[in-house]
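Coordinate inspection notes
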Amino acid sequence: MRSPFPGMDPYLEAHWGDVHTRLIIYASDQLQSKLPEELRARVEERVFVESEVENDSRSIYPDVRVVERPNGQRPLFDSGTGGIAVAIAEPVVVRMPDEMQDEVKTETFIEIRDASSGGRVVTVIEFVSPSNKMPGKGRDLYRRRQLELETAHVNSVEIDLLRAGNHVISCPLKIMPANCRGPYRISVQRATEPDAWEVYPVSLREPLPTIRIPLRETDPDVPLNLQALIDQCYLNGNYGDIDYGCEPEPKLDAGDAPLWQRKLGP
């Protein structure tokens, strides 16, 4: 079963946790077979804690509860080496407070590494998350990551398939061509041209593009078929039960509203 939309399905945005994870895995798998022998596509992650208190850096660390034995005693353990008893180190038990459980965020991304040069990062591919587009720790970390990649001369590929939130990809919105400022945005920044971006027009009315993924300077680009990834997400995620009778959130722009207003069926 395929989505009734020809390209990105805006209803999938409501299931972004699942869709994002699948996109990362499927993209890594798609690229792996196309990479030169020395390159590897690896899934990496960053973990952070969101805070509702502005500038509260302490919120990124959980509170701790320490359980102390009476008199500071530690149990002795027979190590099996001549009957010599050794003290087992007592760990400090760290628990996440209940009020912080929903604030822990994990974001995954793809790194293409060069095994022939000690695992040097060649290219990073990001599928933008909601936390990257909203004020807070997630966006701050994402912005810092953008700067680090540019400074380290690493190719950067940013794919934003979320309509909600602020513009966050590195290519400034004001210099993007009008046809590339649609509901979804894609930007590629090559390490060899840090002041230039390759951007792709993306429309709800057309299939998602197959984009060029830059590697080392001596390597040809490899293709990444974004529409195939979304189709695979829809099929494997079993999204045939989506109710297309209700308008998606956020609501579609006026120009795209007819896509929803017409009868959509499997």
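Bear in mind the structure is a predicted one, so any value in this text is a computation, not a measurement.

The rules behind each value
Per chain, the residues get numbers from 1 upward, laid out in the order the sequence is written. At least 70 in pLDDT is required for a residue's local features to be given in this predicted model, at least 80 for side-chain atom pairs to be given and counted, and no such filter applies to totals for whole chains, interfaces and linings, which use all residues. Side-chain calculation: all heavy atoms of the structure are included, whereas hydrogens and water are not. We place a 1 Å grid over just the protein atoms. Points where a 1.4 Å probe fits but has no way out form a cavity, open points with protein on both sides within 12 Å along at least 5 of 7 lines form a pocket, and any residue with an atom within 4 Å of a point lines it. Grid points are joined across faces, edges and corners, and a volume is the space filled by probe spheres set on the points. The helix count covers DSSP runs of H or I at least four residues long, the strand count covers runs of E at least two residues long, and both are numbered beginning at the N terminus. Throughout this entry, Asp, Glu, Lys and Arg are counted as charged residues, while Ala, Val, Leu, Ile, Met, Phe, Trp, Tyr, Cys and Pro are counted as nonpolar. The remaining residues, Gly among them, count as polar. Type-normalised accessible area, obtained with a 1.4 Å probe on protein chains alone, sets the label of each residue: buried when under 20%, exposed when over 50%, and partly exposed for intermediate values. Paired strands, in this sense, are two strands between which DSSP finds at least two bridges. Think of it this way: a Phe, Tyr or Trp ring, Trp meaning its six-membered ring, pairs with another when their centres are within 6.5 Å, and the plane angle makes it stacked under 30 degrees, edge-to-face over 60, tilted otherwise.

**So, empty space enclosed by the protein**
This structure, assessed with the given rule, holds two cavities of 30 Å³ or more. Within this model, the largest cavity holds a volume of roughly 70 Å³. Every residue along the wall of the largest cavity is listed here: Gln146, Leu149, Glu150, His153, Val154, Ser156, Gln189, Arg190, Ala191 and Pro194. Here the element with the most residues in the lining of the largest cavity is helix H3 (residues 137-151); it accounts for three residues. Classifying every residue of the lining of the largest cavity by side-chain character gives four nonpolar, four polar and two charged. Within this model, the second largest cavity holds a volume of roughly 30 Å³. Tallying contributions element by element places H3 first for the lining of the second largest cavity, with four residues.

**Examining the pairing of strand S6 (residues 155-160)**
In terms of residue burial, S6 counts as a mostly covered element, since six of its six residues are buried. Burial of the side chains of S6 extends over both faces: Asn155, Val157 and Ile159 are buried on one face and Ser156, Glu158 and Asp160 on the other. Sheet topology places strand S5 (residues 120-127) next to S6; five bridges connect them, and they run parallel. Note that in S6 the partner of Phe127 across the bridge is Ile159. With five bridges joining them, S6 and strand S7 (residues 185-189) adopt antiparallel strand pairing.

**Here we look at the packing of aromatic side chains**
Across all of its chains, the model carries four aromatic pairs by this definition. Centre to centre, the rings of Tyr234 and Tyr239 are 6.3 Å apart; their planes meet at 45°, and the pair counts as tilted. Its relative accessible area of 6% is what places Tyr239 among the buried residues. Among the aromatic side chains, those forming a connected cluster through ring pairs are Phe5, Tyr11 and Tyr244.

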